[in-house]
Each structure stands twice: as C-alpha cells, then as structure tokens.
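Remarks on the overall topology
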Amino acid sequence: MSEKLLTMETAHARATDPATSSLAAESVNVNRHMGWVLSAARGMDSHSAPFTDEELTTYLHMTGRAVTPSSVRSRRVEAVRYGWIKVIDRDGVSSTGRACRRHRITPAGIEALATAKTEAEWKAERERAS
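A closer look at helix α3 (residues 53-62)
- Those residues of α3 that sit buried are D53, L56, T57 and L60. Across the axial projection of α3, the buried residues extend over an arc of 100 degrees, all falling on one side.
- Following α3 by one or two positions, G64 adopts a phi angle in the positive range, close to 85 degrees.

What follows is the structure, given as structure tokens:
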C-alpha cells in the first residue's frame, strides 16, 4: 500500500542561498515529516496544554521520529498556513527562558490526517483541476 501524504509540497530554499541549500531542500521528505508533525500534535492534544515547537520536537524524538528541529518548525509553519495547527498564545517558555508561541491541532488538522491521499491520488486531483 502506498504511503498516505498530507501535501505534495517540497522543501524550499531561497534563490539567494548557496546551491548546497537547494540540494539539502530536495532531500527533505516534506510529506512524511508533515504527517509526523500532525500525528505528534494530535498525540499531544490529549495532554490538554498547548505545545511549543521544542515540546513538539521532543515528542517526535521520544516516538522514534528522526527529524530536525528546523524541519519540525518548517512543517508546523506550513500546518498553520493550511489551518491544521493554530497559535494559541505566547505563554510558552523556550529552553533559553524566552517567551514563545504555543500551538494546538485544529479540527481541520485532525481531518487532514484522516483523509490523507496517496501520491497517485494527489496527481490525479491536480490533473482534474488543470
């Protein structure tokens, strides 16, 4: 069975970044990482308190997901853009003692997990739309 994907996004590098940044962006499995981030957000939702990016990264590592803090932040930003995760407040505290945002998965994020598509389904949808 094909892996279900939440998006067909690819990682991005700025045009002004060195060529190595573009090569690194191509190696990121955005779809898998987005699934991991949303699944972790869903798992953390049962703890009632909103989560910070650091807490989300720690949770992912505790569940055996090898993903960098940078990728977690990037996928969480994208999930906010899609409406799958929302910012709750700025009452979090980072490991350095600074204020930071706290987040929570939305009903749309839970729905996205439930209705993820295979790569073939995404491609067929794009072809129908064009």
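Quick word on the packing of α3 against helix α4 (residues 69-82)
- One can describe the packing of α3 onto α4 by two numbers: an axis separation of 10 Å at closest approach and a directional angle of 115 degrees. In this structure, α3 meets α4 at a crossing whose hand is right-handed. Residues D53, L56, T57 and L60 of α3 form the contact with α4, whose own contacting residues are P69, V72, R73 and R76.
- Here the residues of the contact of α3 with α4 are counted per class, giving four nonpolar, one polar and three charged.

A look at the nonpolar core
- Ranked by size, the top nonpolar core spans 17 residues in total, and within it L38, L56, L60 and I85 carry the most contacts.
- Counting only elements with at least two residues in this core, the list comes to α2 (30-45), α3 and α4.
- A total of seven residues in this core trace back to one element, the largest contributor, which is α2.

Re the pairing of strand β2 (residues 99-105)
- Pairing between strand β1 (residues 85-93) and β2: six bridges, direction antiparallel. Paired with I85 across the strands is I105, a residue of β2.
- Taking the residues between adjacent antiparallel strands as the criterion, β1 and β2 are bridged by five residues, where G97 takes a positive phi near 90 degrees.

About the criteria used
Residues numbered from 1 in each chain as written. Predicted model: local features only at pLDDT ≥ 70, side-chain atom pairs only at ≥ 80, totals over all residues. Heavy atoms only, no water. Buried < 20%, exposed > 50% of the residue type's maximum accessible area, 1.4 Å probe, protein only. Helix = DSSP H or I, 4+ residues; strand = E, 2+ residues; numbered from the N terminus. Arc of directions from axis to C-beta. Axes fitted to C-alpha atoms, helices over the stretch in contact; angles between N-to-C directions. Left-handed = near helix turned anticlockwise from the far one by under 90°. Contact = heavy atoms within 4.5 Å. Nonpolar A, V, L, I, M, F, W, Y, C, P; charged D, E, K, R; others polar. Core = buried A, V, L, I, M, F, W, Y, C linked by side-chain atoms within 4.5 Å. Pairing = 2+ DSSP bridges.

Honestly, it's all geometry; don't read function into it.
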